Amino acid sequence: MNRPGQKFYKILAESALRAVRICQPLRVPQTGYEKWKDIQLNFNPTEMLKG
Amino acid sequence: MKKIFYILTLFLFKFNIAYSLIEVDITRGNLDPLPIAVSPLHVDPQSNNYQDVKTKELGELISSIVEKNFRSTGLFNPLNKDAFVQKPDIAHLKPRFEDWRLITAQALVTGKLLIKDEKLKIEFRLWDVAANKEMIALAFTTTPSNWRRVAHIISDKIYERLTGETGYFDTRIIYVSETGPRTQRIKKLAIMDQDGENTKYLTLGNELVLTPRFNPTNQLVTYLSYFRNLPRVYLLDIETGIQEVVGNFPGMTFAPRFSPDGKKIIMSFAEDGNSDIYTMDLESRLVERITEDSSIDTSPSYSPDGKYITFNSDRSGLQQIYIMKSDGSGVKRISFGDGLYGTPVWSPRGDLIAFTKVRGGKFYIGVMRSDGSGERLLTENFYQEAPSWSPNGRLLVFYRETKSGKKGEGFTARLWSIDITGYNERELKTETDASDPSWSSLLSK
């Protein structure tokens, strides 16, 4: 819906980053670092807007 | 898409283990106002006094205007200044972000000002506290008496940077001020800043006035008043105070608005119980008839590109909303719900039309798309009408009257605003009772 260059992209991206930073520190498993060291977060507000 | 700048708090995690990468879909969030710290602006000790401007307190005054603007949006939560631990001048140079995070601030506004040689120099910065970085920095130089407008311009810049939408704080609202008992109301044209400050009265109250509207430069106002006991459309220059009757119509004219380019006035002209829509070019004075129907056609409002007009008409029996091309062709009814629809007004964004609806003895302010779909009623009350858009198309201002007793006691008329989401309904502060508000465009464009 919003790709880089679209009007609200920057605002949404900043808002998502802010949310991630506020949630720190994240609780993670003590083992298996190799498995979870890269995590991709997909933000999709579609459901949020239905309300 | 516009409300996403609220804080997204992560919950509802779905883990999709694809290849070796873990993906997390965040599909919901909490809608909370953004906590923002507005530090008082640091006043340079070398500042001089200027006329009646309270130089020493100016930093506090400006930051409290910014705070009040933000609080009024419902989108921000300005934090209590008592909790601030960093001095304004130090915070403005380089905030200690960890201190601001401690009081839960996510954004921080800092600034400083200097009054010297009869000039106000002011600068401010907006900081992203979570990311430890500056988001925007701006400086202005102006005459010190402009300090209130500077506070509104700063508010607009921050609002734009944080929400991605145009601001609406450096604007004014014109309305009809009402005083006296209900049966003998004195009505004057009044103008104020959008936050209720700087009220000025533009007419004396000798004649009834109604429905004032700004032109795009905010310099001219068109409204309805009485001339030789006939309602007539007037034009008023706000700066010079010069008034004139618009056009030479052999009957009553009413419901005026400017075209989006400000060159024409569109209005209703009534003759023998029939009213149709006309335009008058302000330069050539050429009058053009737009509708020709035996019904009552009134309340015209242009689309922002000037290509279409919305209006209300009782041509189908009951009062409904229609749109047509600006030459009067292609008339199409767009409202089909129960009840009566009136006072349609096209959003400055072009997507929505706001209206007043009367159903079952209640008055509603609502919006629908310009093809008539997606009708949403935002607020219901005993009596309310006349919505007018904020220049960014995000809020509506309208007026609401209370029920009164047999002798008119307990009667009030006040201005209210509501977000197009239906949230954040609030009363606007006015010196007197008030009706028929109209929101200006941004004063600094």
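Please read these numbers as outputs of a predicted model, since none were measured by experiment.

Undergrad: Please clarify how the overall build of chain A should be interpreted in this entry.
TA: Counting its secondary structure elements, chain A contains 3 helices and 1 strand. When the helices and strands of chain A are read in sequence order from the N terminus, they spell out α-α-β-α. Counting only residues that meet the buried cut, chain A has 25% of its 51 residues in that class. In the form shown here, chain A has an accessible surface area of approximately 4,000 Å², with 54% of it arising from carbon and sulfur atoms.

Undergrad: Help me understand the nonpolar core in this model?
TA: Burial of nonpolar side chains together is a common tendency in soluble globular proteins. Residues and elements named next belong to chain B. Within the largest apolar cluster, 45 residues are counted, with the highest numbers of intra-cluster contacts made by Ile62, Ile158 and Leu162. Counting contributing residues per domain, this core is built from domain 1 (9-163) and domain 2 (173-439), each supplying no fewer than three. Once you skip the residues sitting within four places of it in the chain, Ile62 turns out to touch Leu41, Leu113, Ile122, Trp147, Ala151 and Ile154.

Undergrad: Explanation requested: the pairing of strand S17 (residues 264-271) of chain B in the structure shown.
TA: The two faces of the sheet receive side chains in turn, since in a regular strand these alternate between them. All names here are of chain B. Buried residues dominate S17, accounting for 6 of its 8 residues. Taken together, the 5 bridges between strand S16 (residues 252-258) and S17 define a ladder with antiparallel strand orientation. Residue pairing in the sheet places Phe258 in a bridge with Ile265 of S17. Linking two consecutive strands that pair antiparallel, namely S16 and S17, is a turn of 5 residues; a positive phi of about 80° is found at Gly262 within it. With 8 bridges joining them, S17 and strand S18 (residues 274-281) adopt antiparallel strand pairing. Bridging across to S18, Ile265 finds its partner in Met280. Taking the residues between adjacent antiparallel strands as the criterion, S17 and S18 are bridged by 2 residues, where Asp272 takes a positive phi near 50°.

Undergrad: What am I meant to see in the sheet that holds S16 of chain B here?
TA: Consider a sheet: its strands pair through backbone hydrogen bonds, and that pairing is either parallel or antiparallel. Residue and element names in this part refer to chain B. Strand order across the open sheet formed by 4 strands is S16-S17-S18-S19, with antiparallel pairing between neighbours. Two strands lie at the open edges of the sheet, namely S16 and strand S19 (287-289), each paired on one side alone. Adjacent strand axes in the sheet meet at a mean angle of 30°, parallel and antiparallel pairs treated alike.

Undergrad: Looking at this model, I keep getting lost on the domain arrangement of chain B. Mind explaining?
TA: Frequently, the measure chosen for interface size is the accessible area that the parts lose on association. Residues and elements named next belong to chain B. Taken domain by domain, chain B consists of domain 1 (9-163) and domain 2 (173-439). Here the C-alpha centre of domain 2 lies 36 Å away from the C-alpha centre of domain 1. The interface of domain 1 with domain 2 comprises 10 residues on the first partner and 9 residues on the second. Taking both sides of the interface into account, the surface hidden between domain 1 and domain 2 amounts to around 730 Å²; carbon and sulfur atoms contribute 35%. Among the residues of domain 1 in contact with domain 2, Lys68, Ser72 and Arg148 are the three that bury the most area, contributing 50% of the side total. On the surface where domain 1 and domain 2 come into contact, there are 0 salt bridges. Put simply, domain 1 and domain 2 have 5 residue pairs in polar contact (both at pLDDT 80 or more) between them.

Undergrad: Got a minute to help me understand the packing of aromatic side chains in this structure?
TA: Between two aromatic rings, the relevant description is the distance of the centres plus the angle of the planes. All names here are of chain B. Evaluation of the coordinates by the stated rule reveals 20 aromatic pairs over all chains. Summarising the aromatic geometry, the rings of Tyr308 and Trp346 are spaced 6.5 Å apart at their centres and angled 35° between planes, so their arrangement reads as tilted. Of this pair, Tyr308 sits in strand S21 (residues 308-313) while Trp346 sits in strand S24 (residues 340-346), and the two are 38 residues apart along the sequence. Here Tyr341 and Phe355 contribute two aromatic rings whose centre-to-centre distance is 5.3 Å and whose plane-to-plane angle is 55°, an arrangement assigned as tilted. Remark: Phe355 occurs in strand S25 (residues 352-359) and Tyr341 occurs in strand S24; sequence separation between them is 14 residues. Tyr341 sits in the buried class, given a relative accessible area of 0%.

Undergrad: Just checking my understanding: could you explain helix H4 (residues 147-163) of chain B for this structure?
TA: Side chains that are three or four residues apart share a direction in an α-helix, a result of its 3.6 residues per turn. All names here are of chain B. In this model H4 runs 24 Å from its N-terminal to its C-terminal C-alpha over 17 residues, within 8% of the 24 Å that 1.5 Å per residue would give. The buried fraction of H4 is high, at 13 of 17 residues. One or two steps after H4, the chain reaches Gly164, where phi turns positive at roughly 80°.

Undergrad: Even after reading the chapter, I still don't get the confidence of the model for chain B, so can you show me in this structure?
TA: The predicted coordinates of low-pLDDT regions are not to be read in fine detail. Residue and element names in this part refer to chain B. Averaged over all residues, the pLDDT of chain B is 91; the fraction at 70 or higher stands at 95%. Across residues 1-18, where pLDDT falls below 50, the model places 66 contacts with residues more than four positions away in sequence or in other chains. The ipTM value of the predicted complex is 0.80, and its pTM value is 0.89.

Conventions we followed
Residues numbered from 1 in each chain as written. Chains lettered and ligands numbered in written order. Predicted model: local features only at pLDDT ≥ 70, side-chain atom pairs only at ≥ 80, totals over all residues. Heavy atoms only, no water. Helix = DSSP H or I, 4+ residues; strand = E, 2+ residues; numbered from the N terminus. Buried < 20%, exposed > 50% of the residue type's maximum accessible area, 1.4 Å probe, protein only. Areas by Shrake-Rupley, 256 points an atom, 1.4 Å probe, with all protein chains shown as cover. Core = buried A, V, L, I, M, F, W, Y, C linked by side-chain atoms within 4.5 Å. Domains from an automatic or database assignment. Contact = heavy atoms within 4.5 Å. Pairing = 2+ DSSP bridges. Axes fitted to C-alpha atoms, helices over the stretch in contact; angles between N-to-C directions. Buried area = accessible area lost by both parts, 1.4 Å probe. Salt bridge = Lys/Arg side-chain N within 4 Å of Asp/Glu carboxyl O. Polar contact = N/O pair within 3.5 Å; in protein donor to acceptor, adjacent residues only side chain to side chain. Phe/Tyr/Trp six-rings, centres within 6.5 Å; stacked < 30°, edge-to-face > 60°. Expected span 1.5 Å × (residues − 1). pLDDT = per-residue confidence, 0-100.

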